[in-house]
Amino acid sequence: MKMRQQFDDSAAQIFEREGYFSPVRVITKDQALHYRSLLERYEDKLGHTVRGSERTKPHLILSWVDALMRHTTILDSVEKIMGPNILCWNSWFWIKEPYSRSFVSWHQDSNYWGLDTDNLVTIWLALSPANDQSGCMRVLPQSHRKSSLTHVDLYHEDNLLTRGQAIQDVKEIDAVSMPLDTGEMSLHNIRMAHASSPNTTNDRRIGLSFHYIPTNTNQLNVEWDTATLVRGEDQYHHFEESPIPRFDLDPQSLDFHRKATDAMRDLLFKGAEKIRKTV
Ligand SMILES: O=C(O)CCC(=O)C(=O)O
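The structure contained in this document is the topic of the report that follows. (Residues numbered from 1 in each chain as written. Predicted model: local features only at pLDDT ≥ 70, side-chain atom pairs only at ≥ 80, totals over all residues. Heavy atoms only, no water.)

### Structural notes on helix α4 (residues 72–82)
Quick reminder: α-helices carry 3.6 residues per turn. Residues three or four places apart thus point the same way.
Next up, step 1: Of all the positions in α4, only Ile 74, Leu 75, Ser 77, Val 78, Ile 81 and Met 82 are classed as buried. Seen from one end, α4 has its buried residues packed into an arc of 160°, which puts them on one side.
Next up, step 2: Of the residues flanking the end of α4, it is Gly 83, one or two places downstream, whose phi is positive at about 90°. (Buried < 20%, exposed > 50% of the residue type's maximum accessible area, 1.4 Å probe, protein only. Helix = DSSP H or I, 4+ residues; strand = E, 2+ residues; numbered from the N terminus. Arc of directions from axis to C-beta.)

Written out as structure tokens, the structure reads:
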């Protein structure tokens, strides 16, 4: 596939056919380094690197993540895929420390997010170099066209996925890497099978993902879920509208973040209780 730097109409056609597109420049390297320094300042305040619920929905408590979630280049790209009415359902930090064994097993997010849309787009923004050495994402082209693949929960301490969900019969030879320079993003569909390997470099591999859905999406697996309207109009109100942090760690947002990340944890473990007891 020819790599382009802009998500234009022909890129949108490639996305629809292949299930992914990469790379697209969103911010300059210097801007990305600035955002990385804000993340690391937050980690200094926490006294540890982000973990657990701190990885989930950081746009609710960090105003710079909220701003990135609304970046025009990102939203213009997403609009080409799903039209003008867009919610951001979730964001996540995906960090692999230098020489860490952290990995992500092959999985399709559609399998456990409970959303009734095939149109969710994940944006993965690199705040440091993501390449084969640092463990960039790999995808199985066109896997978004296949019906749901069978996953098993393998619970591995180095797996960045909560349950270690894994598709087992993947032919690695069919996989394609999505290397990103600092400040670039990749896009992939919710049904796309994807994975990543450990970081063998001396720098952190830092990704920030945003997950956008059309406003008519329903949450089928839990009673209560949250999302933020980032463009257009929401005529459906299927999700509780999230408050916007006025500044980093806005006390008004901290409680909401706690409730929203508890709900997300329940969602991610839904259906896994039986297996959980046996591991
Ligand atoms: O960061 C990674 O390596 C995997 C990220 C991922 O699974 C996702 O963004 O859905």
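Back to the text.
### Looking at the site of the ligand
Next up, step 1: In the vicinity of the ligand, the contacting residues are Trp 94, Val 104, His 107, Asp 109, Thr 122, Trp 124, Met 137, His 188, His 194, Ser 196, Arg 205 and Ser 209.
Next up, step 2: At 2.9 Å from an oxygen atom of the ligand is found a side-chain nitrogen or oxygen belonging to His 194.
Next up, step 3: Taking 290 Å² as the accessible area of the ligand by itself, protein coverage stands at 100%.
Next up, step 4: Taking a 2 Å distance to the grid points as the criterion, the majority of the atoms of the ligand fall inside the largest pocket. (Near = heavy atom within 4 Å. Polar contact = N/O pair within 3.5 Å; in protein donor to acceptor, adjacent residues only side chain to side chain. Areas by Shrake-Rupley, 256 points an atom, 1.4 Å probe, with all protein chains shown as cover. 1 Å grid on protein atoms, 1.4 Å probe; cavity = no way out; pocket = protein on both sides within 12 Å on 5 of 7 lines; lining within 4 Å. Sits in = over half its atoms within 2 Å of the grid points.)

### Overview of the layout of surface pockets
Next up, step 1: Within this model, the largest pocket holds a volume of roughly 680 Å³.
Next up, step 2: As for the largest pocket, its lining consists of 37 residues, and the residues nearest its centre are Gly 52, Arg 55, Trp 92, Leu 160 and Thr 162.
Next up, step 3: When residues of the lining of the largest pocket are traced back to their parent elements, those giving at least two are β2 (86–96), β3 (104–107), β4 (121–126), β10 (194–196), β11 (205–214) and α5 (251–269).
Next up, step 4: If one sorts the elements of the lining of the largest pocket by residue count, α5 sits on top with six residues.
Next up, step 5: Of the residues belonging to the lining of the largest pocket, the class tally is 15 nonpolar, 15 polar and seven charged.
Next up, step 6: Put simply, the second largest pocket is a space of about 200 Å³.
Next up, step 7: Every residue along the wall of the second largest pocket is listed here: Leu 140, Pro 141, Lys 146, Leu 149, Ile 167, Asp 169, Val 170, Lys 171 and Asp 174.
Next up, step 8: Looking at the lining of the second largest pocket, its residues break down into five nonpolar, no polar and four charged. (Points joined across faces, edges and corners; volume = space filled by probe spheres on them. Nonpolar A, V, L, I, M, F, W, Y, C, P; charged D, E, K, R; others polar.)

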